[in-house]
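# Report on the structure
Each chain, written out:
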Amino acid sequence: MDWSFLAYPLEELPFVFLVLLIGFTVHEFAHAYFADRFGDPTPRSMGRLTLNPRVHLDLLGMIFFLVVGIGWAKPVLVNRSHFKRPRLMGIIVSLAGPLSNLVLAFVSLILFYALIRMGVLTGTSQGVSLAIQLFFTRMVLMNIFLFILNLVPFPPLDGYRIVEDLLPRRIMMKIKPYEQWLFYAILLMFFIPPIRRVTLGPIFALQGPIFEAFDSVARLMFGVGIRA
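We now turn to the structure provided with this report.

Cut-offs used in this document
- Residues numbered from 1 in each chain as written.
- Predicted model: local features only at pLDDT ≥ 70, side-chain atom pairs only at ≥ 80, totals over all residues.
- Heavy atoms only, no water.
- Helix = DSSP H or I, 4+ residues; strand = E, 2+ residues; numbered from the N terminus.
- Buried < 20%, exposed > 50% of the residue type's maximum accessible area, 1.4 Å probe, protein only.
- Contact = heavy atoms within 4.5 Å.
- Salt bridge = Lys/Arg side-chain N within 4 Å of Asp/Glu carboxyl O.
- Expected span 1.5 Å × (residues − 1).
- Bend = angle between axes of the 7 residues up to and from the residue.
- Core = buried A, V, L, I, M, F, W, Y, C linked by side-chain atoms within 4.5 Å.

## Considering the environment of leucine 182
Relative to the helices and strands, leucine 182 is located in helix α9 (residues 179-191). For leucine 182, a relative accessible area of 24% gives the class partly exposed. C-alpha of leucine 182 to C-alpha of glutamate 28: the two residues are 154 residues apart in sequence and 23 Å apart in space. Each residue touching leucine 182, except ones within four places of it in the same chain, is listed here: Phe154, Pro155, Tyr160 and Ile175.

Have a look at this one:
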């Protein structure tokens, strides 16, 4: 059977699925945690203040990610009216998700370098060693991707929610009627290669410099490293 329609090689799908499960769960939990800390009971009342992946996973969103390279988890509902400073705390809650993916990427890279430095991988078979390297490589690169993707300022991404809290209300009221068209616009940017190359392409290209920065820090810490 031809599996070329998938966004990732077939043999990597179990690792990609696991990485997305972890990345989506941590991302949504971060939103829920900070909203709860700032006084909004909504995420807790809906059972979202947990690291249980089943609560955050959207099966269709996961399938889309595996097939086309972009997808989603179940969004955490937040009621900003419960915040003492709705705009500031709203920005922090929105940023928490993407930043959690960035932290997860860095921690994963450091953990992998630590395993190499301690010689843990040398005592395993070649197959196990390659599987561990593939898992951690995907953990780093895909969480960096989730960090960048979610900061794109188009609905329904976190970047758009941040823009909502930054811009004056009068401007946002003028933008609101066009939200659905902005959503379609980002789909066009992602799925049409010529448009993607001049819009999202340069943004996603930031994955390289971010990884290189992490790699440089890790090399200073452990004297070892990997290349994506």
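## Some thoughts on the pattern of salt bridges
Enumeration over the complete set of coordinates arrives at 7 salt bridges. Across the pair arginine 138 and glutamate 12 runs a salt bridge, and its minimum N-O distance is 2.5 Å. Of this pair, arginine 138 sits in helix α6 (residues 126-150) while glutamate 12 sits in the segment before α1 (13-37), placing them 126 residues apart in sequence. Summarising the burial analysis for this pair, arginine 138 and glutamate 12 share the class buried. For arginine 80, the salt bridge is made with aspartate 165, and the minimal N-O distance between the two is 3.2 Å. In this pair, arginine 80 is assigned in the loop between α4 (59-68) and α5 (86-117) and aspartate 165 in helix α7 (residues 158-166), connecting sequence segments 85 residues apart. In this structure aspartate 165 comes out as buried when scored by relative accessible area, which is 5%. Here the residues in one salt-bridge network are Arg161, Glu164, Lys176 and Glu179, joined through shared partners.

## Topic: the side chain of serine 100
With respect to the helices and strands, the residue serine 100 is situated in helix α5. Aside from chain neighbours lying at most four places away, what touches serine 100 is Val26, His27 and Ala30.

## Remarks on α5
The end-to-end C-alpha separation of α5 is 45 Å, in line with the 46 Å expected for 32 residues at 1.5 Å each. Along its length, α5 reaches its greatest deviation from straightness, about 35°, at alanine 96, and the proline proline 98 lies no more than four positions downstream. Looking at the residues trailing α5, positive phi occurs at glycine 119, about 75°.

## Regarding the nonpolar core
Core analysis: the biggest nonpolar cluster contains 47 residues, and Leu20, Phe65 and Ile144 have the highest contact counts within it. Contributions of two or more residues to this core are made by α1, α4, α5, α6, α9, α11 (200-204) and α12 (207-222). A per-element tally of this core places α6 first, with 11 residues. Residues within four places of phenylalanine 65 in sequence aside, it is in contact with Ala7, Tyr8, Leu20, Phe24, Ile70, Gly71, Met142, Phe145 and Leu146.

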